[in-house]
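Report on the structure
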Amino acid sequence: MPVAYVGFGSNIGDRLAHIQNAIHALSKTEGVILQKISSVYKTDPVGYEAQAHFLNGVAAIQTDLLPLSLLHALKDIETAIGRKHRIRWGPREIDLDILIYGDLRLQTEKLVIPHPEMHLRRFVLAPLAEIAPDLVHPVLKETIQILLERLEDDKSVLKTDVFP
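Cut-offs used in this document
Residues numbered from 1 in each chain as written. Predicted model: local features only at pLDDT ≥ 70, side-chain atom pairs only at ≥ 80, totals over all residues. Heavy atoms only, no water. Salt bridge = Lys/Arg side-chain N within 4 Å of Asp/Glu carboxyl O. Helix = DSSP H or I, 4+ residues; strand = E, 2+ residues; numbered from the N terminus. Buried < 20%, exposed > 50% of the residue type's maximum accessible area, 1.4 Å probe, protein only. Contact = heavy atoms within 4.5 Å. Polar contact = N/O pair within 3.5 Å; in protein donor to acceptor, adjacent residues only side chain to side chain. Core = buried A, V, L, I, M, F, W, Y, C linked by side-chain atoms within 4.5 Å. Expected span 1.5 Å × (residues − 1). Arc of directions from axis to C-beta.

With that out of the way, let us pick up the pattern of salt bridges. One pass over the structure, following the stated rule, counts six salt bridges. Across the salt bridge formed by Asp95 and Arg83, the nearest N and O atoms sit 2.8 Å from each other. Placement of the pair is Asp95 in strand E5 (residues 95–101) and Arg83 in the loop between helix H2 (67–81) and E5, with a sequence separation of 12 residues. Note that Arg150 and Glu142 form a salt bridge whose closest N and O atoms lie 3.1 Å from each other. Taking the relative accessible area as the measure of exposure, Arg150 reaches 56% and is therefore exposed. Using a relative accessible area of 25% as the deciding quantity, one classes Glu142 as partly exposed. Through salt bridges that share partners, Lys75, Glu78, Arg83, Arg92 and Asp95 make up one connected network.

Turning our eyes to something else, we now look at the environment of Ala59. Looking at the secondary structure, you find Ala59 in strand E4 (residues 54–63). Judged by its relative accessible area of 0%, Ala59 falls in the buried class. Considered as a pair, Ala59 and Ile19 are 40 residues apart in the sequence and their alpha carbons are 11 Å apart. If we ignore the near neighbours within four places in the chain, the residues touching Ala59 are Ala4, Tyr5, Val6, Phe8, Ile23, Leu34, Lys36, Ile37 and Ile131.

To continue, consider unusual backbone geometry. Cis rather than trans, the peptide bond between Ile113 and Pro114 has omega equal to -5°. With respect to the secondary-structure elements, Pro114 resides in the loop between strand E7 (112–113) and helix H3 (122–131).

Within the secondary structure layout, Ile12 lies in the loop between strand E1 (3–10) and helix H1 (15–27). As for Ile12 and Ser39, which are separated by 27 residues in sequence, their C-alpha atoms are 19 Å apart. Discounting residues that sit within four places of it in the chain, Ile12 has contacts with His18, Arg86, Pro91, Arg92 and Glu93.

For Arg83, a relative accessible area of 18% gives the class buried. A distance of 3.5 Å separates a polar atom in the side chain of Arg83 from the backbone oxygen of Ile94. Look past the residues within four positions of Arg83 in its chain and what remains in contact with it is Glu78, Arg92, Glu93, Ile94 and Asp95.

To continue, consider the nonpolar core. Counting residues in hydrophobic clusters, the biggest one holds 25 residues, and the most contacted among them are Ile61, Leu70, Leu74, Leu96 and Ile98. When residues of this core are traced back to their parent elements, those giving at least two are E1, H1, E4, H2 and E5. Here the element with the most residues in this core is H2; it accounts for six residues. When neighbours within four sequence positions are excluded, Leu70 is seen to be in contact with Ala4, Val32, Ile61, Thr63, Leu65, Ile98 and Tyr101. Tyr41, Met118, Leu147 and Leu151 belong to the second largest nonpolar core, which has 21 residues in total.

Moving on to H1. Between its first and last C-alpha atoms H1 spans 18 Å; for 13 residues at 1.5 Å apiece the expected length is 18 Å, and the two agree. Looking at H1, one finds that the buried residues are His18, Ile19, Ala22, Ile23 and Leu26. Down the axis of H1, the smallest arc covering the buried residues is 130°, so these residues share one side. Where H1 is buried, its residues meet E1, strand E2 (32–37), E4, H2 and E5.

If you want it as structure tokens, here you go:
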């Protein structure tokens with residue numbers, strides 16, 4: 001079964017509870033085995049900045065779900081937790097994104113793997129480097145740790161003592 005990495009984040013309501021509920025639901029999803037979960041990081045918003053700070057992290061899973069099936073499962077979890085779609089990069093109860101799925105490179109209208117902007121985002125690379133520093137980005141052919149060290153993103157990303 002391939003290993004996939006799922007980014008998670010929340011900045012509305014009880015952020016930690018939303019994340020805990022999402023991780024619990026992910027662990028109960030048929031065809032998914034939860035392997036590792038990063039710490040939770042308090043992060044500055046990116047894109048639309050007039051909103052509350054996020055709590056973000058990354059989970060490593062083994063899955064026999066195909067990428068689009070995994071995407072649908074993640075969207076179902078978001079809906080069950082109460083995510084409402086607002087503006088792009090705007091506030092959200094929970095956000096779940098496939099970052100990397102094995103060494104797969106995929107580009108469809110609904111899904112791009114690896115996540116096309118992950119290498120530009122400290123709020124993704126910091127928690128991913130915590131659990132998989134030697135993971136090689138399938139397109140850029142650099143480890144996550146190297147990508148994090150080279151990143152020029154100046155957004156605040158603070159590791160908390162909280163685990164989901």
